[in-house]
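Below, each chain spelled out in residue letters.
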Amino acid sequence: MTRVLLVDDEPQILRALRINLRVRDYEVHVAATGAEALEVAGRYPPDLVILDLGLPDLDGVEVIQGLRGWTKAPIIVLSGRADSVDKVEALDAGADDYVTKPFGVDELLARMRAAVRRTGTAEDLPRIRLGDLVVDLAAKRVIRQAPVRAGGDAAGPDPAGTDLAGTGPAEDIRLTPTEWHLLEVLLRNPGKLLSRNQLLTEVWGPGYADATGNLRLYMAQLRRKLEPDPARPRWLITEPGMGYRYQPDPEGYQG
């Protein structure tokens, strides 16, 4: 049973969500203040946190920072603050997703299921399929599998000399070290919205928080190399004003 901590100072929202989650077999704990949220989380370590930013005692970002000091449980922010600055601040503090009030319960439940599925999977399954590409995180290779003609013969030469699962010859897609690092950070956080500051700090370092041009350039380069249609990306998605996310296919992860 997934244990959920609901944090909101609006009693009607707490009640409605608690009812909806309990009938779906979630174990639910609630808190109406930031201090209470941290206390309850310590007594009943959550598998998932749904958190309002506008709490009466602590700002929600402070609660995120307090939780991130000891838990990797997904945190979904549920807030009436629609400004992108608030969203980026919450994501930089360690939130995994952001839902703006008013919200649909079905959408929230879908985001919860996705967040729970993501927990632990990226580290455990190092091969990721993007269409006809396979990204091998362990070997640090991106391989394009050639299509197989009728009759079983693969089309084209075999530059890499590699045959994946007997489906035909493959070729390596060459990435620069920076392109690889950026791709790896995105792939290890499937479905998670990563702010521009998060990506710049992770890939380039803490002194590059304002180098958004670098990020746009390298994202464009990755899309040209990996996406079937770089102008309409399928996997490397831009969230305007906030950042980027890797959107996996349902069967994107392999053993």
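Residues numbered from 1 in each chain as written. Predicted model: local features only at pLDDT ≥ 70, side-chain atom pairs only at ≥ 80, totals over all residues. Heavy atoms only, no water.

(A) The side chain of Glu 179, seen in detail. By the secondary structure assignment, Glu 179 is in helix α7 (residues 177-187). Of the polar contacts made by the side chain of Glu 179, one reaches the side chain of Lys 225; its length is 2.7 Å. If sequence neighbours within four positions are ignored, Glu 179 has contacts with Arg 174, Tyr 218, Gln 221, Leu 222 and Lys 225. (Helix = DSSP H or I, 4+ residues; strand = E, 2+ residues; numbered from the N terminus. Polar contact = N/O pair within 3.5 Å; in protein donor to acceptor, adjacent residues only side chain to side chain. Contact = heavy atoms within 4.5 Å.)

(B) Main features of the pairing of strand β4 (residues 75-79). Counting buried residues in β4 gives five out of five residues, a clear majority hidden from the surface. Burial along β4 is two-sided: the residues Ile 75, Val 77 and Ser 79 and Ile 76 and Leu 78 are all buried. As judged from the three bridges shared by strand β3 (residues 48-51) and β4, these two strands associate in the parallel manner. What sits directly across from Val 49, in β4, is Ile 75. In the classification by handedness, the crossover that spans β3, the intervening helix α3 (residues 60-68) and the parallel β4 is right-handed. Sheet topology places β4 next to strand β5 (residues 97-100); four bridges connect them, and they run parallel. Bridge pairing links Leu 78 to Val 99 in β5. Read from β4 through helix α4 (residues 84-93) to β5, the crossover connection turns out right-handed. (Buried < 20%, exposed > 50% of the residue type's maximum accessible area, 1.4 Å probe, protein only. Pairing = 2+ DSSP bridges. Right-handed = clockwise from strand over helix to strand, strands pointing away.)

From the geometry alone we can't say anything about function, so treat these as descriptive.
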